[in-house]
Amino acid sequence: MHVFDELDHRLISALREDGRAPISKLATILGVSRATVQSRLDRLIESGAVLGFTVRFRQDSDDKAIRAIMMIEVTGRSTTAVIRQLRGFPELHSLHTTNGGWDLIAEVRADSLSDFDRVLREVRTIDGVLNSETSILLSSV
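What you see is a predicted model, and the numbers here were worked out from it, not measured in a lab.

> Describe in detail the pattern of salt bridges, supporting the description with residues and values.
Tallied over the entire structure, the rule returns nine salt bridges. Among the salt bridges present, the one from D18 reaches K25, with a minimum N-O distance of 3.6 Å. Accessibility expressed as a relative area gives 29% for D18, which makes it partly exposed. A salt bridge links R109 to E107; the shortest N-O distance between them is 3.0 Å. Relative accessible area serves as the criterion here: at 24%, R109 is assigned to the partly exposed category. You can call E107 buried: its relative accessible area is 14%.

See the structure below:
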């Protein structure tokens, strides 16, 4: 397992800001040589700490999408079965286990209110789902 030092954390932070930044720009930002950045980045990738690079899309720029956070309470020991079924919903863009009053948190994205309503109804009918609460995300700040 990779042990992160301060430079690794700063490199990861810079990559989160701009995953397409050239090595030379990262070196300038971090105040180290290009070779150091390349070496650190290679090590982070080889260790599996960095899985890849992607484009970050501003969530509120797609005004057609309805986004929400859905908190889900699961009965007894049915969490694994519920997760298995939830993974089949293309509208659930992320799914997380959590602590506290809710067992799972899902990010829901739908193209219309009717699609959104359908997803909520279908999730609530899954065996093992005891309760849910959903909050629509209005804007990103």
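Let us keep going from here.
> Break down helix α1 (residues 6–17) for me, with residues and values.
Over its 12 residues, α1 runs 17 Å from end to end, which matches the ideal 16 Å to within 8%, given 1.5 Å per residue. Where α1 is concerned, the buried positions are L7, D8, L11, I12, A14 and L15. Along the axis of α1, the buried residues cluster in a sector spanning 160°; they form a single face. Away from its buried face, by an angle of more than 90 degrees, α1 presents the exposed residues E6, R16 and E17. Looking at the buried residues of α1, the elements they touch are α2 (23–30) and α3 (34–47). The opening residue of α1 is D5, an N-cap whose side-chain oxygen sits 3.2 Å from the backbone nitrogen of L7.

> Any details on the sheet that holds strand β2 (residues 92–97)? Residues and values, ideally.
The antiparallel open sheet is built from four strands, whose spatial order is β2-β3-β1-β4. The open sheet terminates on both sides in strands that have one partner only, identified here as β2 and β4 (129–137). This sheet shows a mean twist of 20° between the axes of neighbouring strands, independent of strand direction.

> Please provide a residue-by-residue account of the packing of α1 against α2, values included.
α2 packs onto α1 with a crossing angle of 125° between their chain directions and a minimal axis gap of 10 Å. Judged by the angle between their axes, α1 and α2 are oblique. Here the hand of the crossing between α1 and α2 comes out right-handed. Along its contact with α1, which presents L7, R10, L11, A14 and L15, the element α2 presents L26, I29 and L30. Partitioning the contact of α1 with α2 into residue classes produces seven nonpolar, no polar and one charged.

Cut-offs used in this document
- Residues numbered from 1 in each chain as written.
- Predicted model: local features only at pLDDT ≥ 70, side-chain atom pairs only at ≥ 80, totals over all residues.
- Heavy atoms only, no water.
- Salt bridge = Lys/Arg side-chain N within 4 Å of Asp/Glu carboxyl O.
- Buried < 20%, exposed > 50% of the residue type's maximum accessible area, 1.4 Å probe, protein only.
- Helix = DSSP H or I, 4+ residues; strand = E, 2+ residues; numbered from the N terminus.
- Expected span 1.5 Å × (residues − 1).
- Arc of directions from axis to C-beta.
- Contact = heavy atoms within 4.5 Å.
- Polar contact = N/O pair within 3.5 Å; in protein donor to acceptor, adjacent residues only side chain to side chain.
- Pairing = 2+ DSSP bridges.
- Axes fitted to C-alpha atoms, helices over the stretch in contact; angles between N-to-C directions.
- Parallel < 35°, antiparallel > 145°, perpendicular 65-115°, else oblique.
- Left-handed = near helix turned anticlockwise from the far one by under 90°.
- Nonpolar A, V, L, I, M, F, W, Y, C, P; charged D, E, K, R; others polar.

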